[in-house]
Every structure is written in C-alpha cells, then in structure tokens.
Amino acid sequence: MGSMSRASEIADEPAITRSPPLPALPRQGAAGPEDASSELWGWLRLLNRHKALIVGCGLVAVVMMALVIAQQTPLYKASSRLILDTRTFKVLSTEGALSGVDTLNFGAIQSELEVISSEFVIGRVVDKLGLANNPDFNGTKPPSVLDSALDPIRELWGSGISSLLAPAPQPAPAQAKPAARADRSADASDPRRQAAIGAVAGHLSVSLLGRTFVILITAESPDGTMSARIANAVAEAYLADQIDTKNEANRRATEWLEQRLAELRRNLQVAEEAVANYRRDKGLAGSPEGAISSQTLSELNARYTAARGRRIEKEARLVALSKASLNPGELANIPEVAGNTSLAALRIQDVELTRKSAELASQLGDSHPKMVQVRNELAAVRARFNIETQRITLAVRAELDAATSEEEELKELVDKASIVSGTASQYEAEQKQLEREAQSNRTLYESFLNRFKELREQQDIQRADARILAYARPSGSPSSPNFKTGLMGAFVIGCLLGMAGAIAAEKLDRVFRSAPQVEEATGVSVLAMVPEVKGTAAARSNVVSNILENTTSPAAEAVRAVFTAISLASLDHLPRVVAVTSSTPSEGKTTFVAALGGLLTKMNTSRRVLIVDLDLRQAKLSVALGLNERGGTIDEYLMGTKTLAECTRRHEQSGVYYICARRNTPNAPEILESHAMKAAVDVFSDNYDLVILDAPPVLAVSDARIIARLADYTVFIIQWAKTHREVVKTAVAALLEVTSHVGIVINRVNLFKHGRYGYGDHGDYYSRYRGYYGQTDGGPPKNDPSRPALKLASNK
C-alpha cells in the first residue's frame, strides 16, 4: 500500500498527540503569582487525594480520646481572689525590717505567687482540712484502668527520659521568700501527708488576673465543695503566713536594735569625751585666737602683695630712666619727664636754639660771635636739662628703696603670722573632726532610738499586704475532662498527623503518575496515557474486546492516539515496523498490542496490520486475543517447518492478522538475532501496512533490545502508579543505546485517582471530559449495528 494511502489513514486519526517536551527555561527571580497559585492548588489537591487517610486518622484520634475521657475522673474547679494592698498605709517607718510587698515591682509580685504555691502554705492547708486522711489526696485510692495502662510509660519517663528532655533549672528570684521551710508539724515525715501536699500542688493554679493586682487562686479536685474549701484555705493560709512573717521580723528587729543602741551609746560617750579632752589639752576652750590669727594673716598677705607691686613698679620706672639717659630722644616717653614743666620749657628752648643755630650756620661762619653765643646758650640749656633729669632719677631711686624696705618688713610679718595661724588652724581642724564624729554618733544614736521606740509602740499592730477579695464557691459542673474540647482537639491533632502522613507518602512515592514526570525523568516524549478498563473487562481478552467494541471510549481514543503520535512524529518516513515493550512483566504490554492492532484494523478495514508475538518466553498474545488455538508459531516459520500462510491467522472480531509464539522457546536470543528473523521482518513489512512486534520486557531478558533494532519505532509501556522510576529510567536508557526512535505510553491509568492530581495531561482530559465520548469504560457496547464501519478506499 502506497504512501498516499497511509497519509489518508493518518488524517482520519484523532489529533490527540503529545509533542516532545520543550527544554525547561531557567527560573529567574522570585516566583510570580501564578507559581504561588499553582503551588497552593498543588497542596490542596494533595490533601484531597489523601482525605480518607486524614479523616481516618482524625476519627481514630477521636475514638482514642473518647476512651481516655471515659476512664478519667471528673474534676471540679473553684477560685478565690486576693488583692494586693496598693495603699500607702504603713504602721512603721522601719522599711528594711517590716516593709510590705512592693506592688510596683513585678519580680516581687511573682515572688508572692511562688509563696502562695509553696509547700509550706499548702502543708498548712493539708493539716487544716485533714487531707492526709482523704483517699482522693493521700494516694490510697485504687488507680483506674487508664492509669494502670499508663504506669509503664510513666516509669519509663521517670527512669531518665524526663531528665534528658527537661530544661535547665532557672535560678530563684532574688526577692523570693523561701518556699521550703522547716515544717513545724508533727506529721512532716508522714508519706500520706506528703502525697496530699503533692496532689494539692499539682491541681493548684496561682496567677495574676490580667494587668491588675488581683491574684486568682484556683483549686481542682473530684469534689466541688472540697475545691472551694482548698482555694479559701490557701488564701487564708497565705494571709496568716504574711502576718507571722512580719511578727517574726518585728521580734528580730527589736532584738537587733537593742544590741545596736547599746553599742551606739558607748560610741557617743567616747566621742564626746575625746572632744572635751582635746579642747582642754590644746587650750582651745572658748579662745578666739585661731579666728584672729587667720584674719591678721589675710590682711598682712594683702599689704605684702600691694608693697611688692609698688616695688616692681618703681624698678620699672628706674630702668626706663636709665635707658632714656643714654638716648635723650626717648626721655619724652618717660611719664616723670613728660609731666615736668621745667624740663618741658628746657626742651622748647633746646629746639629753638637748635633751629637758630642752623639758620646762622647757613649765613655766618663758625667763629662768628653770634654762632658762639648760640652754641653757649644751647650747652647751658642742655646742662640744666641733665641736672633736672638726674634729680628725677634720684627721687625715683629713693622711692624704690622705700618700697623695697616696706616689702621686706611685710614679708617678715607674714611669715610670723603664718606660723601662728598654721598652728591654730591645725588644732581647730582636729577639734572639728572630733566634733563631727561626735555629732555623727549622736545623730545615728537618736535615729536608732526613735526606730526602737516605734517598734515598741507598734509591736502588737500587724496587718497583711493583701486581703481576700472574693471567696471560692462550689462548682456544679466539672471543669475536666472537657468532652467537646478534647474530642475536637483530638480530631485536629489526628488530622494533622494524617496530613503529615500524606505528605510523607507523597515524598516517598517512587512511581510515575503523570506525563511530565516521565518526560523529566527519561527525556523521552509520552505518546499517550491509556485509561484502565474496569468492571467485568478485567481479563486480557475482555479488555481487548471492550476496546474493540467501544471504539469511542477514552481507552480506545488513547490507543488510537498512540499511532497518530508515532505517525506525526515521522512524516518523512512512516514507520512500518513498531515494537512494543516494557520494563517488567504484567504492565499490559501484550494487551496494548492486541488492542492497538485490532483497533487500527477495525477503524480502517483497508489497512493490513500484522501482530507478531516475539515474547518467546511467555507468549501471551493468544490469551489477549481470546484464542483457543494459536496455530503456527513464529519459531516454526523461522525454522521453515511451516509457511507464512500456515502461521498467519486473522482475528475474527477485529480483522487483524497475527502470528503467535510458543512459550519457553529455546534459544530465543539466537533466534531473534538470526538472519532469518531479519528477513522475516522484511517480508512482513512488504506484505502488510503495519507490523507490530510484541517484545518481552527490557530488564527481564536481552530480547527486547534485539527486537528494537529490527523495528522502525519502539513503544515503551509504563504502568501508571506501579512501575518504579529507577526501573523505568534503567530500561529506557538500555533502549536508547540501540535506537533513538522511542516513545512512551502510560498504561492502565486510574482516571478517578489521576483526576485528583490535576496534572493537566491526557489522563486529566479523559477524567474531566469522559462524557464527551458518549460512554464509559466497562459499560455495555453502544455502537449502532445498523451503521457499518466506514471503509476508506485503498490506493493499491
């Protein structure tokens, strides 16, 4: 049959194919909204797929919790309330000994909570209420069935597991009162009393009510009235403990103050005697000598400083006059010279005579009488100027001598006064130090004496730092076990465990459930996904008959889509020999071969299709086609014992031609590798439009790789949700070593389960739009017998 005929046949096939997978692009940046939405839908589908497991775990947890609750003893709660006193009422000013609770200090409040729940306070309650003789508290009550069942677990936990898992102990608060005191009761060593204390402590809750100073004391017991009595007794015991603590502190403070006052009284007497003795020994009793010496020294120091300044001033003036005498031009800058009227007049005369001498010198000679007279007058003026200057210098020197003498005298007086004042100041300082010590001892003694008087006056007035705000009342309904909350919590926890199990099952899933998974793992395109045929069509022959009778069913469409995909992928060279294999047995390989060959023949009666069973070890083609006799076998044809016509038979229901094989054919690899086998394949392809070779599994024997070399295209069958991924990858890799024309078919897909995965592949299409095909798998045939199958014209 020519290529035009095959092209027309291909055009008639439904276009449900799958193209080779495109290479995945690298992801850049953060995931977009679509990726986040897809991930969310993926988690929701996961939960939907395993909803039976999740709900089942929740129900099992509910049943177990119900059994536990049924074995528990009902407990009743009762709460009393204390309020810490935040008022500023204080009967004493002795803060260190008798201060109340600092209500503004959170650590102090927490310490009071620890005191309320301490063993000492609870021990008072046990003694007051006689709980040591109560079976509900002293541990003599027989255990319940649940407690007996949990005893081994408690023993295992107490043997060391709890110490390994428990956190490190935290240090006690600095201001906390001692929680454990020496029990003054005569029954301190009674084991029943200790058990009762432990039972009350284990069911006692002490906490602050919100952001207030109200303390909530909650007790729980099998008796509602007893719970109220315990809560009230704990509150009263705490208040009594506070008063006892304050009385004890008052007694200790009084004793300590008495001892301290005696010591301070002795210290004060010693200090006052030391001050009196020092005054008497140093002669300072009522003498103001020290103050006078200090005042005289201050005055002398001021006069000495002034005299020293005057002496320095005179020295500066004398030095300036001495320098000016060498340079008469600078005399005008001296204050004494500038302020002298005589010297000023002489300077004017000097200037006039100098000018006149210059004028005469330009007109007359040096020997002229006028010139001689002018020079004589100028010399006389200058001589008088020098005499007057010397007189001023002598006066300044006399003033300097007087200032120097005065400075020396004052310095001597200052030195003498310093000695006297230093001695008096030292005595005065030592006296003041002794007086300060005596005053300090007197102040301290008076302070302690006042506190001692306050303690003695207020010794019998004590009050607690808290008061009872509300007494506990018996409860009419049990607080635990809470049936609704317990069952709801158990259901939630069970569902969470079921979710964890579902996620673990998904992560440990090592089979293929979608076409993208197969393509990503193997790198080979998936041709189609064939749905599983259920119901009465469970046997091989029934499956093939069901597909052949329901040619519009999803299974039939998927089988036909396989050949369409093969043909479209090889338009240049249409494959005439197609081999079908799988990785392991029982994956539906032979059933698929029979369905494919029969369906292609039935849908186009002019197409000649031959199925050759080359699984020489199992040979199940006859079973798949529902044959009673298989006729001549392929090994008989290859050995020449029978002709091709004797070995070839035609299937009545579909019209497909087939050649069966014999089970456990000896020397199977040698037969398949023989030249006769190659020649037989060539003969088959010359006489038929399509030859389908049913090959054995790849991993079972080496026959499949030999057959793949003889075929133009190899179809690899994978059973959905059964064949392990590593097995598939190994088998596909082995096939790719001998041929590059390989396509994969996912067989026996459970459409109901696959639809819950939402992969969006062939199987998802079949599961969502099953009604499009007009019938479901396993249903009765719905082909109209009055409408014969169409037969295309052949180009032979």
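Structure: see above.
Note that the structure is predicted; figures quoted are calculated from it, not measured. (Residues numbered from 1 in each chain as written. Predicted model: local features only at pLDDT ≥ 70, side-chain atom pairs only at ≥ 80, totals over all residues. Heavy atoms only, no water.)

**Let's talk about the overall build of the protein**
What the protein contains, in helices and strands, is 28 helices and 12 strands. Within the span of the protein, comprising 796 residues, buried residues form 39% of the whole. Considering only residue pairs separated by 6 or more positions, the protein has 82% of its internal contacts joining residues 24 or more positions apart. Carbon and sulfur atoms provide 55% of the accessible area of the protein, an area that totals close to 44000 Å². (Helix = DSSP H or I, 4+ residues; strand = E, 2+ residues; numbered from the N terminus. Buried < 20%, exposed > 50% of the residue type's maximum accessible area, 1.4 Å probe, protein only. Contact = heavy atoms within 4.5 Å. Areas by Shrake-Rupley, 256 points an atom, 1.4 Å probe, with all protein chains shown as cover.)

**Describing the environment of Ala-505**
Tracing the chain through its elements places Ala-505 in helix α15 (residues 483-507). Assessed through its relative accessible area of 37%, Ala-505 is described here as partly exposed. Between the alpha carbons of Ala-505 and His-50 there is a distance of 9.3 Å; along the sequence they are 455 residues apart.

**A short note on the nonpolar core**
Core analysis: the biggest nonpolar cluster contains 40 residues, and Leu-527, Ile-547, Phe-592, Ile-692, Val-715 and Val-745 have the highest contact counts within it. Once you skip the residues sitting within four places of it in the chain, Val-745 turns out to touch Leu-527, Ala-528, Val-530, Val-562, Phe-592, Val-715, Phe-716, Ile-717 and Ile-718. Counting residues in hydrophobic clusters, the runner-up holds 38 residues, among them Ile-122, Leu-131, Ile-215 and Ile-217. (Core = buried A, V, L, I, M, F, W, Y, C linked by side-chain atoms within 4.5 Å.)

**Remarks on the packing of aromatic side chains**
A full pass over the atoms with the stated rule returns 3 aromatic pairs. In this structure, Arg-260 is placed above the aromatic ring of Phe-448, and the distance from its NZ or CZ to the ring centre is 5.9 Å. The side chain of Arg-513 reaches across the aromatic face of Trp-720, ending 5.6 Å from its centre. (Phe/Tyr/Trp six-rings, centres within 6.5 Å; stacked < 30°, edge-to-face > 60°. Lys NZ or Arg CZ within 6 Å of the ring centre and 35° of its normal.)

**Considering the sheet that holds strand β11 (residues 713-719)**
On the basis of which strands lie adjacent, the open sheet formed by 8 strands has the order β5-β12-β11-β6-β10-β7-β9-β8 and mixed pairing. On the outer flanks of this sheet lie β5 (526-531) and β8 (649-650), each paired with one strand and no other. Where strand β6 (residues 577-582) meets β11, 5 bridges bridge the pair, whose relative direction is parallel. Paired with Val-578 across the bridge in β11 is Tyr-713. Where helix α18 (residues 554-569) meets the sheet, it contacts β5, β6, β10 (690-694), β11 and β12 (742-749), and its direction lies at approximately 165 degrees from that of β5. (Pairing = 2+ DSSP bridges. Axes fitted to C-alpha atoms, helices over the stretch in contact; angles between N-to-C directions.)

**Examining the side chain of Asp-694**
Inspection of the secondary structure puts Asp-694 in strand β10. Polar contacts involving the side chain of Asp-694 include one to the side chain of Thr-590, which spans 3.0 Å. Beyond its immediate chain neighbours, meaning those up to four positions away, Asp-694 contacts Val-580, Lys-589, Thr-590, Val-593, Val-612, Asp-613, Leu-614 and Asp-615. (Polar contact = N/O pair within 3.5 Å; in protein donor to acceptor, adjacent residues only side chain to side chain.)

**Considerations on the side chain of His-651**
Mapped onto the fold, His-651 is located in the loop between β8 and β9 (657-659). At 2.9 Å, the side chain of His-651 forms a polar contact with the side chain of Ser-654. Excluding residues within four positions of it along the chain, His-651 makes contact with Leu-548, Leu-625, Leu-627, Val-656 and Tyr-658.

**Topic: the pairing of β12**
Of all the 8 residues making up β12, 7 are buried; the element is thus mostly covered by neighbouring parts of the structure. As judged from the 4 bridges shared by β5 and β12, these two strands associate in the parallel manner. The partner of Val-526 across the bridge, within β12, is Ile-744. Note: β11 against β12, 6 bridges, orientation parallel. In the sheet register, Ile-718 faces β12, and the bridge partner there is Ile-746. A crossover connection joins β11 to the parallel β12 through helix α26 (residues 725-736); in handedness this β-α-β unit is right-handed. (Right-handed = clockwise from strand over helix to strand, strands pointing away.)

**A few points about the environment of Arg-705**
Summarising the element assignment, Arg-705 is placed in helix α25 (residues 703-710). As for Arg-705 and Glu-737, which are separated by 32 residues in sequence, their C-alpha atoms are 8.6 Å apart. Discounting residues that sit within four places of it in the chain, Arg-705 has contacts with Ala-734 and Val-738.

**Quick notes on the sheet that holds strand β1 (residues 76-84)**
Judged by pairing direction, the sheet is antiparallel, and its 4 strands sit side by side in the order β2-β3-β1-β4 without closing on themselves. A strand with exactly one partner marks an edge of an open sheet, and here the two such strands are β2 (204-208) and β4 (466-470). Between one strand and the next, the sheet's axes are offset by a mean angle of 25 degrees, whatever the strand orientation.

**With respect to unusual backbone geometry**
That bond from Ser-480 to Pro-481 is cis: its omega, 0 degrees, falls within 30 degrees of zero. Here Pro-481 shows up in the loop between β4 and α15. Of note, the phi angle at Ser-586 is positive, near 65 degrees, even though the residue is not glycine. With respect to the helices and strands, Ser-586 occurs in the loop between β6 and α19 (589-603). One non-glycine residue, Ala-721, lies in positive phi territory at about 60 degrees. Relative to the elements of secondary structure, Ala-721 occurs in the loop between β11 and α26.

**Considering α15**
Since the α-helix turns once every 3.6 residues, residues separated by three or four places project in the same direction. In a regular helix each residue adds 1.5 Å, so 25 residues correspond to 36 Å; α15 covers 36 Å between its end C-alpha atoms and thus fits that length. For α15, every residue scored as buried is listed here: Gly-486, Leu-487, Ala-490, Gly-494, Cys-495, Gly-498, Ala-502 and Glu-506. Of the residues that open α15, the one with a side-chain oxygen 3.4 Å from the backbone nitrogen of Lys-484 is Asn-482. (Expected span 1.5 Å × (residues − 1).)

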